[in-house]
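Below are the chains, spelled out letter by letter.
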Amino acid sequence: MPVSIVIGSQWGDEGKGKITDLLSPDVDIVARYQGGANAGHTIAWEDESGAEEEFVLHLVPSGIFHDNVTCVIGNGVVLDPKAVLEEIEKIQALGVDVENRLKISHNAHLIMPYHKAVEAAQEQERASANDDDEIGTTGRGIGPAYTDKFARTGIRVVDLLDRDVLRQKLRRSIEEKNAILRDVYDAEALDVDRIVEEYVEFDQKIDSYVTDTSKYLCRALDRDKRVLAEGAQGSLLDVDFGSYPFVTSSHPTAGGCCTGLGVPPTEVERVLGIAKAYCTRVGNGPFPTELDNEAGEELRQKGGEFGATTGRPRRCGWLDLVALRYTSMINGFNELAVTKLDVLSGMDELKVCTQYRYDGKTTRRFPSEAQTLERVEPLYETLDGWDEDISGVRHFADLPTEAQDYLRFIAEYIGVEIGLLSNGPRRGQIIKDVAPAATA
Ligand code: IMP
(Lines give C-alpha, C1' and ligand atoms only; values in the text may rest on other atoms or scores of the structure.)
Protein backbone atom coordinates (compact mmCIF):
# COMPACT_ATOMS: atom_id res chain seq x y z
CA MET A 1 0.00 0.00 0.00
CA PRO A 2 2.44 2.63 -1.11
CA VAL A 3 0.40 5.87 -1.26
CA SER A 4 0.98 8.54 1.40
CA ILE A 5 -1.12 11.69 1.50
CA VAL A 6 -0.02 15.09 2.79
CA ILE A 7 -3.10 17.03 3.88
CA GLY A 8 -3.62 20.50 5.31
CA SER A 9 -5.49 20.08 8.58
CA GLN A 10 -6.59 23.71 9.00
CA TRP A 11 -7.47 26.50 6.54
CA GLY A 12 -4.45 26.05 4.27
CA ASP A 13 -0.93 27.50 4.48
CA GLU A 14 0.16 24.89 7.02
CA GLY A 15 3.50 24.25 5.29
CA LYS A 16 2.54 21.32 3.04
CA GLY A 17 5.12 22.35 0.42
CA LYS A 18 8.00 22.09 2.85
CA ILE A 19 6.88 18.72 4.22
CA THR A 20 6.27 17.32 0.72
CA ASP A 21 9.72 18.48 -0.35
CA LEU A 22 11.18 16.84 2.76
CA LEU A 23 9.52 13.48 2.10
CA SER A 24 10.21 13.50 -1.66
CA PRO A 25 13.62 11.76 -1.59
CA ASP A 26 11.88 8.63 -0.20
CA VAL A 27 9.25 8.38 -2.95
CA ASP A 28 9.16 7.86 -6.71
CA ILE A 29 6.21 10.09 -7.59
CA VAL A 30 4.68 13.25 -6.09
CA ALA A 31 1.16 14.00 -7.33
CA ARG A 32 -1.15 17.00 -6.83
CA TYR A 33 -4.79 15.90 -6.64
CA GLN A 34 -6.98 19.02 -6.39
CA GLY A 35 -7.11 22.80 -6.46
CA GLY A 36 -5.19 24.91 -8.92
CA ALA A 37 -3.03 27.99 -8.99
CA ASN A 38 -4.83 29.23 -5.86
CA ALA A 39 -2.23 27.21 -3.92
CA GLY A 40 1.16 28.61 -2.98
CA HIS A 41 3.58 25.95 -1.74
CA THR A 42 6.82 27.52 -0.57
CA ILE A 43 10.13 25.67 -0.62
CA ALA A 44 13.14 27.37 0.98
CA TRP A 45 16.75 26.18 1.03
CA GLU A 46 20.34 27.38 1.28
CA ASP A 47 22.42 27.27 -1.90
CA GLU A 48 26.08 26.13 -1.95
CA SER A 49 27.28 29.59 -0.90
CA GLY A 50 24.85 29.60 2.03
CA ALA A 51 22.52 32.17 0.42
CA GLU A 52 18.81 31.77 1.11
CA GLU A 53 16.74 30.60 -1.85
CA GLU A 54 12.96 30.38 -2.02
CA PHE A 55 10.51 29.15 -4.65
CA VAL A 56 6.73 29.28 -4.53
CA LEU A 57 5.00 26.50 -6.47
CA HIS A 58 1.39 26.96 -7.51
CA LEU A 59 0.66 23.97 -9.75
CA VAL A 60 3.80 21.87 -10.14
CA PRO A 61 4.07 19.36 -7.25
CA SER A 62 6.58 20.09 -4.49
CA GLY A 63 8.75 17.10 -5.41
CA ILE A 64 10.12 18.80 -8.53
CA PHE A 65 13.43 19.79 -6.91
CA HIS A 66 14.41 16.14 -6.39
CA ASP A 67 15.83 14.52 -9.55
CA ASN A 68 14.64 11.02 -8.65
CA VAL A 69 10.98 12.10 -8.44
CA THR A 70 8.40 12.21 -11.22
CA CYS A 71 5.68 14.82 -10.66
CA VAL A 72 2.06 14.42 -11.63
CA ILE A 73 -0.71 17.00 -11.95
CA GLY A 74 -3.79 14.82 -11.54
CA ASN A 75 -7.23 14.92 -13.11
CA GLY A 76 -8.67 16.59 -9.98
CA VAL A 77 -6.61 19.75 -10.51
CA VAL A 78 -7.95 22.69 -12.49
CA LEU A 79 -5.11 23.79 -14.71
CA ASP A 80 -4.32 27.31 -15.81
CA PRO A 81 -2.15 26.63 -18.88
CA LYS A 82 -0.55 30.05 -18.80
CA ALA A 83 0.30 29.72 -15.11
CA VAL A 84 1.73 26.21 -15.48
CA LEU A 85 3.88 27.17 -18.47
CA GLU A 86 5.25 30.21 -16.66
CA GLU A 87 5.99 28.06 -13.63
CA ILE A 88 7.75 25.41 -15.74
CA GLU A 89 9.95 28.10 -17.32
CA LYS A 90 10.91 29.51 -13.93
CA ILE A 91 11.83 26.06 -12.62
CA GLN A 92 13.84 25.30 -15.76
CA ALA A 93 15.71 28.58 -15.28
CA LEU A 94 17.08 27.06 -12.06
CA GLY A 95 18.60 24.24 -14.11
CA VAL A 96 15.95 21.69 -13.12
CA ASP A 97 14.79 19.10 -15.68
CA VAL A 98 11.03 19.42 -15.92
CA GLU A 99 10.43 18.11 -19.45
CA ASN A 100 11.07 14.47 -18.55
CA ARG A 101 9.71 14.59 -15.02
CA LEU A 102 6.29 16.23 -15.19
CA LYS A 103 3.10 14.53 -16.31
CA ILE A 104 -0.22 16.34 -16.68
CA SER A 105 -3.53 14.48 -16.70
CA HIS A 106 -5.39 14.54 -20.01
CA ASN A 107 -8.59 14.74 -17.93
CA ALA A 108 -7.69 17.83 -15.88
CA HIS A 109 -10.02 20.75 -16.55
CA LEU A 110 -8.67 24.03 -17.89
CA ILE A 111 -9.04 27.42 -16.29
CA MET A 112 -10.14 29.91 -18.90
CA PRO A 113 -9.96 33.70 -18.83
CA TYR A 114 -13.76 33.73 -18.55
CA HIS A 115 -13.56 31.79 -15.27
CA LYS A 116 -11.54 34.60 -13.74
CA ALA A 117 -13.84 37.24 -15.24
CA VAL A 118 -16.97 35.51 -13.95
CA GLU A 119 -15.41 35.05 -10.50
CA ALA A 120 -14.41 38.72 -10.30
CA ALA A 121 -17.94 39.76 -11.25
CA GLN A 122 -19.50 37.34 -8.73
CA GLU A 123 -17.26 38.54 -5.90
CA GLN A 124 -18.02 42.17 -6.72
CA GLU A 125 -21.71 41.40 -6.69
CA ARG A 126 -21.47 39.58 -3.34
CA ALA A 127 -19.42 42.40 -1.81
CA SER A 128 -21.98 44.99 -2.77
CA ALA A 129 -24.93 42.92 -1.55
CA ASN A 130 -26.50 44.06 1.71
CA ASP A 131 -25.20 41.12 3.68
CA ASP A 132 -21.62 41.56 2.46
CA ASP A 133 -21.04 37.87 1.77
CA GLU A 134 -18.06 37.79 -0.60
CA ILE A 135 -15.97 34.63 -0.21
CA GLY A 136 -12.61 36.39 -0.54
CA THR A 137 -11.35 33.98 -3.21
CA THR A 138 -7.84 34.05 -4.63
CA GLY A 139 -9.26 35.32 -7.93
CA ARG A 140 -7.72 32.44 -9.91
CA GLY A 141 -11.02 31.29 -11.45
CA ILE A 142 -11.07 28.09 -9.38
CA GLY A 143 -14.78 28.06 -8.43
CA PRO A 144 -16.15 28.80 -11.92
CA ALA A 145 -13.80 26.20 -13.47
CA TYR A 146 -15.09 23.49 -11.10
CA THR A 147 -18.64 24.74 -11.73
CA ASP A 148 -18.18 24.08 -15.46
CA LYS A 149 -16.61 20.69 -14.73
CA PHE A 150 -19.66 19.51 -12.83
CA ALA A 151 -22.06 21.21 -15.22
CA ARG A 152 -20.32 19.13 -17.91
CA THR A 153 -19.46 22.20 -19.94
CA GLY A 154 -15.77 22.36 -19.00
CA ILE A 155 -12.83 22.16 -21.35
CA ARG A 156 -10.22 19.55 -20.53
CA VAL A 157 -6.53 19.26 -21.34
CA VAL A 158 -7.37 16.51 -23.84
CA ASP A 159 -9.50 19.00 -25.78
CA LEU A 160 -6.36 20.99 -26.57
CA LEU A 161 -5.19 18.13 -28.76
CA ASP A 162 -7.91 18.55 -31.38
CA ARG A 163 -7.96 22.10 -32.68
CA ASP A 164 -11.30 21.94 -34.40
CA VAL A 165 -13.05 20.54 -31.34
CA LEU A 166 -11.24 23.06 -29.15
CA ARG A 167 -12.26 25.99 -31.34
CA GLN A 168 -15.87 24.82 -31.38
CA LYS A 169 -16.07 24.19 -27.60
CA LEU A 170 -14.27 27.41 -26.73
CA ARG A 171 -16.45 29.52 -28.98
CA ARG A 172 -19.60 28.06 -27.45
CA SER A 173 -18.35 28.49 -23.89
CA ILE A 174 -17.09 32.02 -24.37
CA GLU A 175 -20.28 33.14 -26.05
CA GLU A 176 -22.31 31.69 -23.18
CA LYS A 177 -20.07 33.33 -20.55
CA ASN A 178 -20.14 36.64 -22.41
CA ALA A 179 -23.91 36.61 -22.22
CA ILE A 180 -23.69 36.08 -18.44
CA LEU A 181 -21.02 38.74 -18.00
CA ARG A 182 -22.99 41.29 -20.02
CA ASP A 183 -26.54 40.53 -18.98
CA VAL A 184 -26.18 39.38 -15.36
CA TYR A 185 -23.13 41.24 -14.10
CA ASP A 186 -23.05 44.19 -16.46
CA ALA A 187 -19.37 43.40 -17.01
CA GLU A 188 -17.22 43.64 -20.13
CA ALA A 189 -17.45 40.82 -22.69
CA LEU A 190 -14.35 38.83 -23.71
CA ASP A 191 -12.79 38.67 -27.17
CA VAL A 192 -13.63 35.19 -28.50
CA ASP A 193 -11.06 35.08 -31.33
CA ARG A 194 -8.16 36.22 -29.19
CA ILE A 195 -8.83 33.55 -26.56
CA VAL A 196 -9.27 30.82 -29.16
CA GLU A 197 -5.86 31.65 -30.69
CA GLU A 198 -4.16 31.85 -27.31
CA TYR A 199 -5.40 28.42 -26.24
CA VAL A 200 -4.63 26.77 -29.54
CA GLU A 201 -1.03 27.89 -28.96
CA PHE A 202 -0.91 26.28 -25.49
CA ASP A 203 -1.55 22.95 -27.15
CA GLN A 204 1.91 22.89 -28.79
CA LYS A 205 3.68 23.81 -25.59
CA ILE A 206 1.84 21.45 -23.26
CA ASP A 207 1.51 18.43 -25.50
CA SER A 208 4.61 16.56 -24.38
CA TYR A 209 3.52 16.59 -20.72
CA VAL A 210 0.01 15.23 -21.28
CA THR A 211 -0.85 11.62 -20.50
CA ASP A 212 -3.38 9.35 -18.78
CA THR A 213 -1.96 9.92 -15.31
CA SER A 214 -4.37 7.56 -13.55
CA LYS A 215 -3.10 4.69 -15.69
CA TYR A 216 0.48 5.86 -15.13
CA LEU A 217 0.01 5.94 -11.35
CA CYS A 218 -1.80 2.59 -11.13
CA ARG A 219 0.90 0.89 -13.20
CA ALA A 220 3.58 2.46 -11.00
CA LEU A 221 1.77 1.18 -7.90
CA ASP A 222 1.66 -2.30 -9.43
CA ARG A 223 5.42 -2.09 -9.71
CA ASP A 224 5.67 -1.12 -6.01
CA LYS A 225 6.59 2.50 -6.67
CA ARG A 226 5.90 4.89 -3.83
CA VAL A 227 3.52 7.79 -4.41
CA LEU A 228 3.17 10.91 -2.29
CA ALA A 229 -0.14 12.68 -2.88
CA GLU A 230 0.10 16.40 -2.16
CA GLY A 231 -3.08 18.14 -1.09
CA ALA A 232 -3.55 21.88 -1.56
CA GLN A 233 -5.51 24.30 0.67
CA GLY A 234 -6.78 22.75 3.91
CA SER A 235 -9.46 20.40 5.19
CA LEU A 236 -11.49 23.26 6.66
CA LEU A 237 -11.78 24.69 3.13
CA ASP A 238 -13.20 21.43 1.74
CA VAL A 239 -16.36 22.09 -0.27
CA ASP A 240 -18.31 19.51 1.78
CA PHE A 241 -16.56 19.49 5.14
CA GLY A 242 -15.50 23.13 5.46
CA SER A 243 -17.56 26.13 6.51
CA TYR A 244 -19.63 26.29 3.31
CA PRO A 245 -19.93 28.62 1.42
CA PHE A 246 -16.60 30.04 2.69
CA VAL A 247 -14.63 27.20 1.18
CA THR A 248 -12.71 26.33 -1.95
CA SER A 249 -14.44 24.32 -4.67
CA SER A 250 -12.60 21.03 -4.34
CA HIS A 251 -11.79 18.26 -1.83
CA PRO A 252 -8.47 18.85 -0.07
CA THR A 253 -9.45 16.01 2.31
CA ALA A 254 -8.22 12.40 2.03
CA GLY A 255 -11.07 11.23 -0.21
CA GLY A 256 -10.09 13.84 -2.79
CA CYS A 257 -6.80 12.02 -3.32
CA CYS A 258 -8.45 8.94 -4.83
CA THR A 259 -10.87 10.77 -7.10
CA GLY A 260 -8.32 13.46 -7.97
CA LEU A 261 -5.65 10.99 -9.04
CA GLY A 262 -7.59 7.88 -10.04
CA VAL A 263 -5.87 5.62 -7.50
CA PRO A 264 -7.72 3.10 -5.32
CA PRO A 265 -8.23 3.83 -1.59
CA THR A 266 -6.83 0.37 -0.78
CA GLU A 267 -3.41 1.69 -1.84
CA VAL A 268 -3.30 4.41 0.84
CA GLU A 269 -1.17 3.58 3.86
CA ARG A 270 -0.22 6.89 5.44
CA VAL A 271 -2.34 9.98 5.97
CA LEU A 272 -0.17 12.79 7.28
CA GLY A 273 -1.99 15.84 8.64
CA ILE A 274 -0.03 19.09 8.53
CA ALA A 275 -0.94 21.46 11.37
CA LYS A 276 0.50 24.87 12.03
CA ALA A 277 1.31 25.44 15.73
CA TYR A 278 -1.32 28.21 15.65
CA CYS A 279 -4.08 28.96 13.15
CA THR A 280 -4.39 31.21 10.12
CA ARG A 281 -7.06 31.83 7.55
CA VAL A 282 -7.14 33.92 4.34
CA GLY A 283 -10.39 35.12 2.90
CA ASN A 284 -13.71 35.39 4.67
CA GLY A 285 -15.60 32.93 6.84
CA PRO A 286 -15.80 31.96 10.51
CA PHE A 287 -12.58 31.57 12.49
CA PRO A 288 -13.38 30.97 16.19
CA THR A 289 -9.87 31.50 17.64
CA GLU A 290 -9.04 34.58 15.55
CA LEU A 291 -6.99 37.24 17.38
CA ASP A 292 -8.01 40.61 16.11
CA ASN A 293 -5.46 42.30 18.42
CA GLU A 294 -1.76 42.77 19.13
CA ALA A 295 -1.13 39.05 19.70
CA GLY A 296 -2.62 38.32 16.25
CA GLU A 297 -0.43 41.01 14.70
CA GLU A 298 2.63 39.54 16.46
CA LEU A 299 1.89 36.11 14.96
CA ARG A 300 1.37 37.66 11.51
CA GLN A 301 4.66 39.54 11.57
CA LYS A 302 6.77 36.81 13.18
CA GLY A 303 5.24 34.08 11.05
CA GLY A 304 5.37 36.10 7.82
CA GLU A 305 1.66 35.40 7.47
CA PHE A 306 0.97 36.96 4.10
CA GLY A 307 -0.52 34.90 1.26
CA ALA A 308 2.06 33.12 -0.95
CA THR A 309 -0.30 33.51 -3.92
CA THR A 310 -2.10 36.79 -3.34
CA GLY A 311 0.08 38.55 -0.74
CA ARG A 312 -3.03 39.19 1.38
CA PRO A 313 -2.43 39.42 5.15
CA ARG A 314 -3.58 36.19 6.76
CA ARG A 315 -5.93 36.31 9.73
CA CYS A 316 -4.13 34.78 12.73
CA GLY A 317 -5.31 33.08 15.92
CA TRP A 318 -4.60 30.47 18.60
CA LEU A 319 -4.42 26.77 17.86
CA ASP A 320 -7.91 25.29 17.61
CA LEU A 321 -7.86 21.67 18.76
CA VAL A 322 -11.62 21.26 18.36
CA ALA A 323 -11.16 21.95 14.64
CA LEU A 324 -8.03 19.79 14.41
CA ARG A 325 -9.75 16.83 16.08
CA TYR A 326 -12.54 17.17 13.50
CA THR A 327 -10.17 17.17 10.51
CA SER A 328 -8.26 14.27 12.03
CA MET A 329 -11.54 12.37 12.23
CA ILE A 330 -12.63 12.97 8.62
CA ASN A 331 -9.17 12.34 7.16
CA GLY A 332 -8.09 9.49 9.43
CA PHE A 333 -4.70 11.04 10.16
CA ASN A 334 -2.27 8.40 11.35
CA GLU A 335 0.43 10.98 11.91
CA LEU A 336 0.74 14.74 12.40
CA ALA A 337 3.44 17.17 11.32
CA VAL A 338 3.42 20.38 13.36
CA THR A 339 4.91 23.41 11.62
CA LYS A 340 6.08 26.90 12.57
CA LEU A 341 6.61 26.09 16.25
CA ASP A 342 9.52 28.58 16.24
CA VAL A 343 7.05 31.43 15.64
CA LEU A 344 5.62 30.93 19.15
CA SER A 345 8.97 31.65 20.88
CA GLY A 346 8.79 34.73 23.07
CA MET A 347 5.08 34.57 23.87
CA ASP A 348 4.47 34.63 27.64
CA GLU A 349 1.61 32.22 27.49
CA LEU A 350 -0.07 30.17 24.80
CA LYS A 351 -3.77 29.57 24.57
CA VAL A 352 -5.16 26.43 23.01
CA CYS A 353 -8.85 26.05 22.24
CA THR A 354 -10.14 22.77 23.66
CA GLN A 355 -13.91 23.34 23.64
CA TYR A 356 -16.56 25.60 22.15
CA ARG A 357 -19.49 27.13 24.00
CA TYR A 358 -22.64 27.27 21.92
CA ASP A 359 -26.20 28.02 23.08
CA GLY A 360 -25.02 27.89 26.71
CA LYS A 361 -23.53 24.40 26.37
CA THR A 362 -19.90 23.36 26.02
CA THR A 363 -18.90 20.94 23.28
CA ARG A 364 -15.87 19.35 21.62
CA ARG A 365 -17.91 18.90 18.45
CA PHE A 366 -16.90 21.04 15.46
CA PRO A 367 -19.91 22.41 13.59
CA SER A 368 -18.94 22.65 9.94
CA GLU A 369 -21.92 24.82 9.01
CA ALA A 370 -20.76 28.43 8.82
CA GLN A 371 -23.76 29.92 10.61
CA THR A 372 -23.14 27.83 13.76
CA LEU A 373 -19.36 28.14 13.66
CA GLU A 374 -19.77 31.90 13.44
CA ARG A 375 -21.54 31.86 16.82
CA VAL A 376 -19.35 29.52 18.89
CA GLU A 377 -17.25 30.93 21.72
CA PRO A 378 -13.81 29.30 21.97
CA LEU A 379 -12.83 28.05 25.44
CA TYR A 380 -9.10 27.92 26.10
CA GLU A 381 -6.53 26.16 28.23
CA THR A 382 -3.49 28.29 28.89
CA LEU A 383 -0.02 26.76 28.61
CA ASP A 384 3.34 28.31 29.48
CA GLY A 385 5.30 29.89 26.66
CA TRP A 386 9.09 29.87 26.20
CA ASP A 387 11.63 32.56 25.37
CA GLU A 388 14.37 30.63 23.62
CA ASP A 389 14.89 30.80 19.86
CA ILE A 390 14.27 27.17 18.89
CA SER A 391 14.92 27.49 15.16
CA GLY A 392 18.31 25.74 15.45
CA VAL A 393 17.08 22.78 17.55
CA ARG A 394 17.26 19.38 15.80
CA HIS A 395 16.11 16.99 18.56
CA PHE A 396 12.91 16.92 20.55
CA ALA A 397 14.81 16.48 23.83
CA ASP A 398 16.65 19.78 23.23
CA LEU A 399 13.45 21.82 23.03
CA PRO A 400 12.48 23.90 26.09
CA THR A 401 10.21 21.88 28.41
CA GLU A 402 7.33 24.24 27.68
CA ALA A 403 7.59 23.56 23.94
CA GLN A 404 7.70 19.81 24.61
CA ASP A 405 4.61 20.15 26.81
CA TYR A 406 2.80 22.12 24.10
CA LEU A 407 3.40 19.30 21.58
CA ARG A 408 2.44 16.59 24.07
CA PHE A 409 -0.78 18.46 24.76
CA ILE A 410 -1.65 18.48 21.04
CA ALA A 411 -0.79 14.80 20.49
CA GLU A 412 -2.76 13.70 23.55
CA TYR A 413 -5.83 15.75 22.72
CA ILE A 414 -5.97 14.57 19.10
CA GLY A 415 -4.87 11.03 19.90
CA VAL A 416 -2.41 11.02 16.99
CA GLU A 417 1.40 10.92 17.15
CA ILE A 418 3.41 13.90 15.99
CA GLY A 419 5.96 12.40 13.60
CA LEU A 420 7.57 15.60 12.35
CA LEU A 421 8.15 19.06 13.68
CA SER A 422 9.16 22.02 11.54
CA ASN A 423 10.89 24.91 13.27
CA GLY A 424 11.79 27.25 10.43
CA PRO A 425 11.20 27.70 6.71
CA ARG A 426 14.40 26.01 5.46
CA ARG A 427 14.78 22.32 4.57
CA GLY A 428 17.11 21.48 7.47
CA GLN A 429 14.86 23.06 10.09
CA ILE A 430 13.11 19.88 11.05
CA ILE A 431 12.87 17.61 14.09
CA LYS A 432 12.24 13.96 13.27
CA ASP A 433 12.42 12.32 16.70
CA VAL A 434 9.23 13.80 18.16
CA ALA A 435 7.28 10.55 18.37
CA PRO A 436 7.08 8.63 20.62
CA ALA A 437 8.66 11.23 22.95
CA ALA A 438 5.72 13.63 22.59
CA THR A 439 3.20 10.94 23.39
CA ALA A 440 5.23 9.08 26.06
P1 IMP B 1 -10.64 29.95 -4.09
O2 IMP B 1 -9.99 28.63 -3.79
O3 IMP B 1 -9.75 30.89 -4.83
O4 IMP B 1 -11.98 29.77 -4.69
O5 IMP B 1 -10.91 30.66 -2.67
C6 IMP B 1 -11.85 30.16 -1.73
C7 IMP B 1 -11.33 30.31 -0.31
O8 IMP B 1 -10.20 29.46 -0.12
C9 IMP B 1 -10.83 31.72 0.04
O10 IMP B 1 -11.09 31.95 1.40
C11 IMP B 1 -9.33 31.63 -0.19
O12 IMP B 1 -8.62 32.59 0.56
C13 IMP B 1 -9.07 30.21 0.30
N14 IMP B 1 -7.89 29.62 -0.30
C15 IMP B 1 -7.76 29.14 -1.56
N16 IMP B 1 -6.53 28.64 -1.76
C17 IMP B 1 -5.88 28.79 -0.61
C18 IMP B 1 -4.56 28.41 -0.17
O19 IMP B 1 -3.76 27.83 -0.91
N20 IMP B 1 -4.25 28.73 1.12
C21 IMP B 1 -5.14 29.32 1.95
N22 IMP B 1 -6.36 29.67 1.59
C23 IMP B 1 -6.74 29.41 0.33
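Each value, and the rule that gives it
- Residues numbered from 1 in each chain as written.
- Predicted model: local features only at pLDDT ≥ 70, side-chain atom pairs only at ≥ 80, totals over all residues.
- Heavy atoms only, no water.
- Helix = DSSP H or I, 4+ residues; strand = E, 2+ residues; numbered from the N terminus.
- Rg over C-alpha atoms; globule rule 2.2 N^0.38 Å.
- Contact = heavy atoms within 4.5 Å.
- Areas by Shrake-Rupley, 256 points an atom, 1.4 Å probe, with all protein chains shown as cover.
- Salt bridge = Lys/Arg side-chain N within 4 Å of Asp/Glu carboxyl O.
- Buried < 20%, exposed > 50% of the residue type's maximum accessible area, 1.4 Å probe, protein only.
- Near = heavy atom within 4 Å.
- Polar contact = N/O pair within 3.5 Å; in protein donor to acceptor, adjacent residues only side chain to side chain.
- Nonpolar A, V, L, I, M, F, W, Y, C, P; charged D, E, K, R; others polar.
- Domains from an automatic or database assignment.
- Core = buried A, V, L, I, M, F, W, Y, C linked by side-chain atoms within 4.5 Å.

(A) Examining the overall build of the protein chain more closely. Each helix and strand in the protein chain was counted, giving 12 helices and 20 strands. For 440 residues, the compact-globule formula gives about 22 Å, and the C-alpha radius of gyration of the protein chain, at 22 Å, lands near that figure. Taken over the C-alpha atoms alone, the protein chain extends approximately 65 × 55 × 45 Å along its principal axes. Of the contacts formed within the protein chain by residues at least 6 apart in sequence, a portion of 75% connects residues at least 24 apart. Accessible surface computed for the protein chain: about 18400 Å², of which carbon and sulfur atoms make up 45%.

(B) Looking closely at the pattern of salt bridges. Counting across every chain of the model gives 26 salt bridges. For the salt bridge of Lys 116 with Asp 80, the shortest nitrogen-to-oxygen distance reads 2.7 Å. You can see Lys 116 sitting in helix α3 (residues 113–128) and its partner Asp 80 sitting in the loop between β6 (78–79) and α2 (81–92), a full 36 residues away along the chain. When the shortest N-O distance is used, the salt bridge between Glu 297 and Arg 300 registers 2.4 Å. Of this pair, Glu 297 and Arg 300 both sit in helix α9 (residues 294–302), three residues apart, which is roughly one turn of the helix. Judged by its relative accessible area of 15%, Arg 300 is buried. One network of salt bridges, in which partners are shared, links Asp 13, Lys 276, Glu 305, Arg 314 and Lys 340.

(C) Spatial organisation of the site of the ligand. Neighbouring the ligand are 15 residues; Asn 38, Thr 138, Thr 248, Val 282 and Arg 312 lie closest to it. Contact between the ligand and Val 282: an oxygen atom at 3.0 Å from a main-chain N or O atom of the residue. Between Arg 312 and the ligand, the recorded distance is 3.0 Å, taken from a side-chain N or O atom to an oxygen atom. Summarising the interface, the protein chains cover 96% of the accessible area of the ligand, which totals 460 Å² for the free molecule. For the shell around the ligand, the residue count by class is six nonpolar, seven polar and two charged. Both of domain 1 (3–100 + 212–431) and domain 2 (109–209) provide at least three residues apiece to the shell around the ligand.

(D) Highlighting the nonpolar core. Residues Ile 5, Leu 341, Leu 344, Leu 399, Tyr 406 and Ile 410 are the most contacted members of the largest nonpolar core, which totals 71 residues. The dominant element in this core, judged by the number of residues it contributes, is helix α12 (residues 401–414), at seven residues. Those residues in contact with Leu 399 that sit more than four places away from it in its chain are Leu 341, Ile 390, Val 393, Gln 404, Leu 407, Leu 421 and Ile 431. In terms of nonpolar packing, the next biggest core, distinct from the first, is built from 57 residues, Ala 37, Leu 59, Ile 91 and Leu 228 among them.

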